[in-house]
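# Chains, contacts and geometry: an overview
The primary structure of each chain is shown beneath.
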Amino acid sequence: MTAPSAQPLLAIQALRAAYGKIEALKGVDLEINPGEIVALIGANGAGKSTLMMTIFGKPRARAGQILFDGRDITDVPTHEIARLRIAQSPEGRRIFPRMTVAENLQMGADATDSSEAERAAGLDRVFTLFPRLKERMTQRGGTLSGGEQQMLAIGRALMSRPRLLMLDEPSLGLAPLIARQIFDAIRTLNRQDGLTVLIVEQNANHALRLAHRGYVMVNGLITLQGTGTELLQRPEIRSAYLEGGRRA
Ligand SMILES: Nc1ncnc2c1ncn2[C@@H]1O[C@H](COP(=O)(O)OP(=O)(O)O)[C@@H](O)[C@H]1O
Ligand SMILES: [Mg+2]
């Protein structure tokens, strides 16, 4: 008897999206299996953030399909996506600057109507990963350092008990040591909690070392895919995204 083939947690097929006349996604195919970390790399303007935002319905897909756990979610309204337990930490770590750390984290739990027990367990997990957030619970989000704000953005996403966590450029603008802490936390979440992760990064070196598989996007299309190790060895990746680029 053969084992049933695992269904991808996320399957994106021939996805197109545009801003007015600007076609940002021109037919993208991408899959994420349960328990995988998948990296999406590519130059500025390639369409990486648009891909993540289209999963949330902003902008809406113009063609193609997004399947989550086998269900077609292409036309699910933005406010209902979080209830499906897809969470994101958007580019620029959009936390609520006037709210405290505690309130920001509660917002994450509210997105999925979590029970008290689930909130407590979520907080516990976030504080184990990012002890600094515990020390700063009553501090306003806007007064945190860049690294702490990124931790808070990820923490808030985790409070919604995601089945899929999507991170848009989590290391952007962070000192190397802090960036490393963020990547370590993502690895821990994947290994210990089995969390499935899509990570968008310009830091291709870091991202491909972390990821099981990666995709390269150029001008709204996927041009290469493979395991993280394979992609790190490809000469075209080395010249375009590694050598002379930002290094770990
Ligand atoms: N809100 C927007 N309005 C118009 N064009 C946009 C908008 N956001 C992104 N774009 C354009 O879509 C393309 C893809 O952008 P983006 O998805 O942000 O790329 P990346 O995240 O890979 O840097 C770019 O040409 C960008 O200028
Ligand atoms: Mg982007």
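Quick note: structure is the one above.
Report on the accompanying structure.

Thresholds applied
Residues numbered from 1 in each chain as written. Chains lettered and ligands numbered in written order. Predicted model: local features only at pLDDT ≥ 70, side-chain atom pairs only at ≥ 80, totals over all residues. Pairing = 2+ DSSP bridges. Helix = DSSP H or I, 4+ residues; strand = E, 2+ residues; numbered from the N terminus. Axes fitted to C-alpha atoms, helices over the stretch in contact; angles between N-to-C directions. Near = placed C-beta within 6 Å. Nonpolar A, V, L, I, M, F, W, Y, C, P; charged D, E, K, R; others polar. Parallel < 35°, antiparallel > 145°, perpendicular 65-115°, else oblique. Left-handed = near helix turned anticlockwise from the far one by under 90°. Contact = placed C-beta atoms within 7 Å. Buried ≥ 20, exposed ≤ 12 C-beta atoms within 10 Å, placed from the backbone. Core = buried A, V, L, I, M, F, W, Y, C linked by C-beta atoms within 7 Å. Domains from an automatic or database assignment. Expected span 1.5 Å × (residues − 1). Arc of directions from axis to C-beta.

### Quick word on the sheet that holds strand S3 (residues 37–41)
Within a beta sheet, neighbouring strands are joined by backbone hydrogen bonds and run either parallel or antiparallel to one another. Overall, mixed pairing links the six strands, which are arranged S6-S7-S8-S3-S9-S10 in an open sheet. Of all the strands in the sheet, the pair left with one neighbour each is strand S6 (86–89) and strand S10 (221–227). Put simply, the sheet's adjacent strands are angled 15° from each other on average, direction ignored. Taken together, the four bridges between S6 and strand S7 (residues 164–168) define a ladder with parallel strand orientation. Residue pairing across strands places alanine 87 opposite leucine 165, the latter belonging to S7.

### Things to note about the environment of arginine 209
When you line up the elements, arginine 209 lands in helix H8 (residues 204–210). The spatial distance from the C-alpha of arginine 209 to the C-alpha of arginine 62 is 33 Å, given a sequence separation of 147 residues.

### Here we look at the site of ligand 1
Taken together, Tyr19, Ile22, Ala24, Gly42, Asn44, Gly45, Ala46, Gly47, Lys48, Ser49 and Thr50 are the residues near ligand 1. Listed by contribution, the elements that provide at least two residues to the shell around ligand 1 are strand S2 (22–32) and helix H1 (48–55). Residues belonging to the shell around ligand 1 are distributed by class as follows: four nonpolar, six polar and one charged.

### Overview of the packing of helix H4 (residues 116–129) against helix H6 (residues 146–159)
The N-to-C vectors of H4 and H6 enclose an angle of 150°; their axes lie 9 Å apart at closest approach. With respect to H6, the axis of H4 lies roughly antiparallel. Seen from above, H4 lies across H6 with right-handed handedness. Across the interface between the two elements, Gly122, Arg125 and Val126 from H4 touch Gly155, Leu158 and Met159 from H6.

### Let's talk about the environment of isoleucine 222
On the secondary structure map, isoleucine 222 appears in strand S10. By C-beta crowding, isoleucine 222 is classed as buried, having 21 other C-beta atoms within 10 Å. In the structure, isoleucine 222 is positioned 194 residues away from valine 28 in sequence and 6.2 Å away in space, judged by C-alpha atoms. Those residues within four positions of isoleucine 222 in sequence are excluded, and the remaining contacts are Val28, Asp29, Leu30, Tyr215, Val216 and Met217.

### A look at the nonpolar core
Counting residues in hydrophobic clusters, the biggest one holds 72 residues, and the most contacted among them are Ala39, Leu40 and Ile199. If one sorts the elements of this core by residue count, H6 sits on top with seven residues. Taken together, domain 1 (7–85 + 163–248) and domain 2 (91–161) each give at least three residues to this core, which thus spans both. With near-sequence residues (within four places) excluded, isoleucine 199 lies in contact with Ile37, Ala39, Leu167, Pro170, Ile186, Ala207, Leu210 and Ala211.

### Some thoughts on the sheet that holds S2
Reading across from one edge, S2-S1-S4-S5 is the order of the four strands in this open sheet, with antiparallel pairing throughout. Looking at which strands have only one partner, the edges of the open sheet turn out to be S2 and strand S5 (71–72). As paired elements, strand S1 (residues 10–19) and S2 share eight bridges and run antiparallel to each other. Bridge pairing links isoleucine 12 to leucine 30 in S2.

### Brief notes about the packing of helix H3 (residues 101–110) against H6
At a minimum axis separation of 6 Å, H3 and H6 run at an interaxial angle of 35°. Crossing hand, H3 versus H6: right-handed. Between H3 and H6, the residues in contact are Val101, Asn104, Leu105, Met107, Gly108 and Ala109 and Leu152, Gly155, Arg156, Ala157, Leu158 and Met159, respectively. Tallied by class, the residues present in the contact of H3 with H6 amount to eight nonpolar, three polar and one charged.

### Observations concerning H4
At 3.6 residues per turn, the α-helix brings residues three or four places apart onto the same side. The end-to-end C-alpha distance of H4 is 20 Å, a good match for the 20 Å that 14 residues give at a rise of 1.5 Å each. Within H4 the residues assigned to the buried category are Gly122, Leu123, Val126 and Leu129. Angular distribution of buried residues about the axis of H4 spans 130°; they occupy a single face of the element. In H4, the exposed positions angled more than 90 degrees off the buried face are occupied by Glu116, Ala117, Ala120, Asp124 and Thr128. Tucked into the core, H4 has its buried residues touching H3, helix H5 (131–135), H6 and helix H7 (176–193).

This is a description of form; function is not addressed.
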